[in-house]
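Residues per chain, in single letters:
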Amino acid sequence: MVVRLHVRARGRQCSYLAGVRVHGRKPSYPSDLTDAEWAVMEGEARAVMAELVKTTGRPIVHGLRAVPDTIGYVARYGIEWRALPVDFPPPEVV
């Protein structure tokens, strides 16, 4: 049985699935990575995150693909980090 809870925390809509916080965001901005772009960088991104988890001991609680999507959004539109739409991870995570 899969249980999904929707929670609003600090003004952000989040989902918790099997105890792991996930941002199940679908690509919806022109700045988001395409599937082909993500396929190229996914292996390296997972390797970097695995090293960070070893160092800090904290598990990944956000969708890994959401991080470069967030960076691309800020870079393309030149907004402030605190002005991110709610479907992105919080700025302190990115």
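Everything numeric in this text was worked out from a predicted model, so none of it was measured.

J.: Just to check I follow, could you spell out the overall build of the protein chain for this structure?
T.: Within the protein chain, the secondary structure is distributed over 2 helices and 3 strands. Starting at the N terminus, the α and β elements of the protein chain follow one another as β-β-β-α-α. For the protein chain, buried positions account for 28% of its 94 residues. Across the protein chain, the fraction of contacts at a sequence separation of at least 24, relative to all contacts at a separation of at least 6, is 52%. Total accessible area on the protein chain stands at roughly 6,400 Å², and carbon and sulfur atoms take up 60% of it.

J.: What am I meant to see in the environment of Leu-64 here?
T.: Relative to the helices and strands, Leu-64 resides in the loop between helix H1 (35–56) and helix H2 (66–77). A residue is classified by how much of its surface remains accessible, and Leu-64, at 11% relative accessible area, is buried. Residues Leu-64 and Val-94, spaced 30 residues apart in sequence, show a C-alpha to C-alpha distance of 10.0 Å. With residues up to four places along the chain from it excluded, the contact list for Leu-64 reads Trp-38, Ala-45, Arg-46 and Met-49.

J.: Can you help me understand the packing of aromatic side chains in this one?
T.: For any pair of aromatic rings, geometry is given as the distance between the ring centres together with the angle between the planes. A full pass over the atoms with the stated rule returns 4 aromatic pairs. The interplanar angle of 65° and the centroid separation of 4.9 Å between the aromatic rings of Tyr-29 and Tyr-73 together place this pair among those described as edge-to-face. With Tyr-29 in the loop between strand E3 (20–22) and H1 and Tyr-73 in helix H2, the pair connects residues that are 44 residues apart, well separated along the chain. Given a relative accessible area of 12%, Tyr-73 falls into the buried group. On the basis of an interplanar angle of 55° and a centroid distance of 4.9 Å, the ring pair of Tyr-73 and Tyr-77 is categorised as tilted. Remark: Tyr-77 and Tyr-73 occur in helix H2; sequence separation between them is 4 residues, near one turn of the helix.

Basis of the calculations
Numbers given for residues are sequential positions, taken from 1 along each chain in its written order. Restriction of local features to residues with pLDDT of at least 70 applies here, the model being predicted, together with a cutoff of 80 or more for giving and counting side-chain atom pairs; totals for whole chains, interfaces and linings are based on all residues. Calculated side-chain values reflect all of the structure's heavy atoms, with hydrogen atoms and water omitted. Per the convention used, a helix needs a DSSP run of H or I reaching at least four residues, while a strand needs a run of E reaching at least two, with both numbered from the N terminus. Partly exposed residues are those whose accessible area sits between 20% and 50% of the maximum for their type, while under 20% is buried and over 50% is exposed, using a 1.4 Å probe and protein chains only. By the convention used here, residues are in contact when the closest approach between their heavy atoms is within 4.5 Å. Here the Shrake-Rupley method, with its probe set to 1.4 Å, supplies the accessible areas, and only the displayed protein chains count as covering residues. A pair of Phe, Tyr and Trp rings is counted when the ring centres sit within 6.5 Å of each other, with Trp represented by its six-membered ring. The angle between the planes then sorts it: under 30 degrees is stacked, over 60 is edge-to-face, the rest tilted.

These figures come from the coordinates and say nothing about function on their own.
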